[in-house]
Amino acid sequence: MTKSSAIRTASCVVALLSGLALSGPAPAQTAPDPKPFDPAASIEPSGDFLKVAPPAKPARKEDDVRPGPSDGRVGVFTHGLEYKLPVDPGPRSTPTPPSGPDKDPEPVSHSDGDPDQTGGGFVPQGGGFERQPTLSAPGVSPTPIPPPPAALPDVASDPDNIVAGEILVVSNSVAEATALAQTLAPRGLTVLRRQNLGFLGGVVLSAFRVPAGRAVADVLQELRQDLPQVFAGPNILFSPSGRAPRRYARKLIGWPSGKSDCGQGLTIGVIDTGLDSSHPALAEGQASARSFLPAGLAPASADHGTAVAALLVGRAESLGFGGLLPGARLTLAAVFHETRKGRTFATTERVVLALNWLGTQGLRLVNLSLSGPNDQLLALAMSRAAAGGLILVAAAGNGGADAPPAYPAAHPDVVAVTAVDAALAPYDKANRGDYIDFAAPGVDVWSARTGGSGSYHSGTSFAVPFVLAALAAGHAAQPGADAETLTETLRATARDLGSQGKDPVFGWGLIQQGSCGPSLTATK
């Protein structure tokens with residue numbers, strides 16, 4: 001594991017990989033038709049890195065949004081090909097969802113700074129559930145889902161941190177998922193979406209609508225008692241965060257300048273907002289994006305994703321937008337949408353689907369600019385992605401010194417990155433904790449923004465590309481090395497800051513990287 005404490009790692013693995021047991025017989029449903037899924041309640045970019053944001057407030061009737069299919073047939077996506085399977089609604093008929101405009105969520109405010117959300121978004125390249133060709137990827141060999149954890153995540157009972165009226169369930173197969181849907185139908189739980197996650201061990205992710213008037217946490221607790229083997233949980237909200245204001249960053253870590261071929265042959269994965277592919281830094285076509293937004297949702301401002309992409313693969317050095325790996329290509333999964341109130345969100349479901357898709361693209365390194373609470377579904381995805389060979393690097397969080405650990409950065413299979421400024425002082429809004437691995441420049445870092453311009457960006461999100469680039473250099477030198485070996489190499493060369501050795505503010509210290517590796521050619 002990449003974390004310092006073996007005891008902590010073991011406990012994290014047990015807690016994160018265990019499934020979520022469901023309990024209690026559900027009483028007969030006499031409540032009105034369930035309130036539909038509120039797509040406006042998802043992940044919010046609120047500053048530099050994407051962090052788990054609070055779920056939407058319970059939607060008012062006039063704000064309800066029409067959820068998924070209502071024809072009694074569920075769209076099933078198996079290796080990218082869609083099929084229609086009939087769903088037996090059981091003794092309770094499937095409710096007809098009301099129609100209406102999107103509801104803007106009222107997220108819990110634990111982000112730092114006010115990110116500039118102006119500027120054009122990206123053009124979705126098909127919906128998040130578009131048909132794809134069957135892809136052959138190494139991934140994880142199909143194995144049974146681990147036992148569910150004994151307790152619900154703390155956020156399950158907080159309506160400001162989860163998608164209203166929705167739960168997620170992971171099954172071992174489509175047949176198992178279909179059978180479970182029929183078992184849950186008498187409780188008023190109806191299937192909204194279903195997706196086969198081929199790269200993540202072939203498991204099936206199903207989203208269920210919870211009946212109106214029923215709290216998500218109550219439904220999950222009831223299911224735990226009756227169906228303790230079911231792996232289920234809330235659809236937790238995540239948000240990106242960053243704020244504004246030198247080009248000190250490369251010098252601070254010793255990164256070489258002027259190497260236009262650095263990263264040639266490498267493909268990097270990113271989960272973020274969309275990006276402005278017409279920006280001079282990205283106009284050569286080295287960056288592409290796929291949207292994972294359901295139809296009808298407006299994509300979030302592309303500023304955050306554009307800045308991260310330019311830091312990694314920007315090719316406009318003369319304009320100040322040169323990236324760390326300008327010879328590389330970047331594949332971005334866009335998971336954030338924007339509400340009418342200007343908030344930006346993504347969901348557990350979208351992040352997991354995006355991670356699964358990136359795993360099929362033949363890449364090794366993934367930049368995660370998002371954070372939130374400990375979610376067992378996301379934890380399962382991270383564990384399986386790491387087992388499938390992905391090297392995951394995430395922002396440590398912008399909640400401040402007293403904030404709880406931010407996930408996925410705190411997951412033992414993820415490299416957690418915090419931010420420092422030009423004077424080596426820690427970012428004032430950065431999280432602290434023993435899960436933090438490394439520090440990198442992330443305060444007043446110059447990068448691109450939509451519309452062809454640039455600005456200064458601050459937050460742990462903008463420190464992640466520096467660590468990912470250093471890991472890419474290590475990967476070039478040792479193509480067969482795993483994540484633990486590569487992070488050990490970074491650890492040996494890091495500049496110790498703060499208390500001697502690893503500490504909760506800087507981790508192992510500021511990364512140092514004097515070259516982009518002997519060759520980054522063909523190091524997928």
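Placed above this text is the structure.
A brief structural summary. (Residues numbered from 1 in each chain as written. Predicted model: local features only at pLDDT ≥ 70, side-chain atom pairs only at ≥ 80, totals over all residues. Heavy atoms only, no water.)

### A look at the side chain of H457
Inference 1: With respect to the secondary-structure elements, H457 resides in strand 20 (residues 454–457).
Inference 2: A residue is classified by how much of its surface remains accessible, and H457, at 9% relative accessible area, is buried.
Inference 3: Side chain to side chain, H457 and S455 meet in a polar contact 3.2 Å long. (Helix = DSSP H or I, 4+ residues; strand = E, 2+ residues; numbered from the N terminus. Buried < 20%, exposed > 50% of the residue type's maximum accessible area, 1.4 Å probe, protein only. Polar contact = N/O pair within 3.5 Å; in protein donor to acceptor, adjacent residues only side chain to side chain.)

### Here we look at the packing of helix 6 (residues 348–359) against helix 7 (residues 376–387)
Inference 1: Packing of helix 6 against helix 7 brings their axes to within 10 Å, and their N-to-C directions diverge by 10 degrees. On the basis of the axis angle, helix 6 is roughly parallel to helix 7. In contact with T348, V351, V352 and L355 of helix 6, helix 7 contributes L377, L378, A381, M382 and A385.
Inference 2: Looking at the contact of helix 6 with helix 7 residue by residue, the class counts come to eight nonpolar, one polar and no charged. (Axes fitted to C-alpha atoms, helices over the stretch in contact; angles between N-to-C directions. Parallel < 35°, antiparallel > 145°, perpendicular 65-115°, else oblique. Contact = heavy atoms within 4.5 Å. Nonpolar A, V, L, I, M, F, W, Y, C, P; charged D, E, K, R; others polar.)

### A short note on the pairing of strand 8 (residues 267–272)
Inference 1: Most of strand 8 is tucked away: six of the six residues are buried.
Inference 2: Here strand 8 shows a buried face lined by T267, G269 and I271 and a second buried face lined by I268, V270 and D272.
Inference 3: Relative to strand 12 (residues 329–334), strand 8 is paired through six bridges, and the arrangement is parallel. Residue I268 lies in a different strand from strand 12, and its bridge partner there is L330.
Inference 4: Sheet analysis places strand 8 next to strand 15 (residues 365–368), joined by four bridges and oriented parallel. Looking across to strand 15, one finds that I271 is bridged to L368. (Pairing = 2+ DSSP bridges.)

### Considerations on the packing of aromatic side chains
Inference 1: By the definition in use, this model includes three aromatic pairs.
Inference 2: With centroids separated by 6.0 Å and ring planes inclined at 15 degrees, the aromatic side chains of F321 and W446 adopt a geometry described as stacked. You can see F321 sitting in strand 11 (residues 321–322) and its partner W446 sitting in strand 19 (residues 445–448), a full 125 residues away along the chain.
Inference 3: Residue F321 is classed as buried on the basis of its relative accessible area, which comes to 7%.
Inference 4: Linked through ring pairs, F321, W446 and Y456 together constitute an aromatic cluster. (Phe/Tyr/Trp six-rings, centres within 6.5 Å; stacked < 30°, edge-to-face > 60°.)

### Description of the sheet that holds strand 18 (residues 438–441)
Inference 1: The strand order 9-12-8-15-16-17-18 describes an open sheet built from seven strands, whose pairing is parallel. Lying at the two open borders of the sheet, with one neighbouring strand each, are strand 9 (287–291) and strand 18. Taking each pair of neighbouring strands and ignoring which way they run, the sheet shows an average axis angle of 25 degrees.
Inference 2: For strand 17 (residues 414–420) and strand 18, the ladder comprises four bridges, and the chain directions are parallel. From the neighbouring strand, T418 faces strand 18, where its bridge partner is A439.
Inference 3: On the sheet, helix 5 (residues 303–313) packs against strand 8, strand 12 and strand 15 and is oriented at approximately 160 degrees with respect to strand 8.

### Things to note about empty space enclosed by the protein
Inference 1: Its boundaries defined by the atoms lining it, the second largest cavity holds a volume of some 80 Å³.
Inference 2: Lining the second largest cavity, in full, are V170, L197, L200, V203, L205, V352, L377, L380, A381 and R384.
Inference 3: Elements with a contribution of two residues or more to the lining of the second largest cavity: strand 6 (203–209) and helix 7.
Inference 4: The element contributing the most residues to the lining of the second largest cavity is helix 7, with four residues. (1 Å grid on protein atoms, 1.4 Å probe; cavity = no way out; pocket = protein on both sides within 12 Å on 5 of 7 lines; lining within 4 Å. Points joined across faces, edges and corners; volume = space filled by probe spheres on them.)

### Thoughts on the pattern of salt bridges
Inference 1: Under the defined criterion, the tally for this structure stands at seven salt bridges.
Inference 2: A salt bridge links E349 to R193; its shortest N-O distance comes to 2.5 Å.
Inference 3: Looking at R193, the relative accessible area reads 14%, which means it is buried.
Inference 4: In this structure, R214 engages E222 in a salt bridge whose closest nitrogen and oxygen atoms are separated by 2.7 Å.
Inference 5: Residue classification places E222 among the buried residues on the basis of a relative accessible area of 17%.
Inference 6: Taken together, the shared-partner salt bridges connect E166, R193 and E349 into one network. (Salt bridge = Lys/Arg side-chain N within 4 Å of Asp/Glu carboxyl O.)

### Some thoughts on the nonpolar core
Inference 1: Counting residues in hydrophobic clusters, the biggest one holds 70 residues, and the most contacted among them are I167, I271 and L392.
Inference 2: With seven residues, helix 6 is the largest single contributor of residues to this core.
Inference 3: Among residues more than four places away in sequence, those in contact with I167 are L189, S206, A207, F208, V210, V216, L220, L223 and G233. (Core = buried A, V, L, I, M, F, W, Y, C linked by side-chain atoms within 4.5 Å.)

### Section: the side chain of H337
Inference 1: Checked against the element boundaries, H337 lands in strand 13 (residues 337–338).
Inference 2: Given the relative accessible area of 1%, H337 is considered buried.
Inference 3: There is a polar contact of 3.2 Å between the side chain of H337 and the side chain of R350.

### A few points about the environment of L223
Inference 1: Here L223 is to be found in helix 3 (residues 216–226).
Inference 2: Measuring from C-alpha to C-alpha, the distance between L223 and L184 comes to 9.1 Å, with 39 residues separating the pair along the chain.

### What about unusual backbone geometry?
Inference 1: Residue P408 is bonded to the preceding Y407 through a cis peptide linkage, with omega at 15 degrees.
Inference 2: Here P408 lies in the loop between strand 16 (391–395) and strand 17.
Inference 3: The backbone of L424 sits at a positive phi, close to 70 degrees, despite the residue not being glycine.
Inference 4: Turning to its location among the elements, L424 is positioned in the loop between strand 17 and strand 18.
Inference 5: Unusually for a residue other than glycine, D444 sits at a positive phi of about 55 degrees.

### Quick notes on the environment of T418
Inference 1: Following the sequence through the fold, T418 ends up in strand 17.
Inference 2: C-alpha separation for the pair T418 and L510, spaced 92 residues apart in sequence, amounts to 9.3 Å.
Inference 3: Excluding anything up to four places from it in sequence, T418 contacts A396, A430, N431, I436, F438, A439, A440, T460, A463, V505 and F506.

### Some points on the packing of helix 8 (residues 464–477) against helix 9 (residues 483–493)
Inference 1: As a packed pair, helix 8 and helix 9 sit with axes 10 Å apart at the nearest point and diverge in direction by 110 degrees. What the angle tells us is that helix 8 and helix 9 run roughly perpendicular. Crossing of helix 8 against helix 9: the hand is right-handed. Only L486, T487 and L490 of helix 9 make contact with helix 8, whose side of the interface consists of V467, A470, L471, G474 and H475.
Inference 2: In terms of residue class, the contact of helix 8 with helix 9 is built from five nonpolar, three polar and no charged. (Left-handed = near helix turned anticlockwise from the far one by under 90°.)

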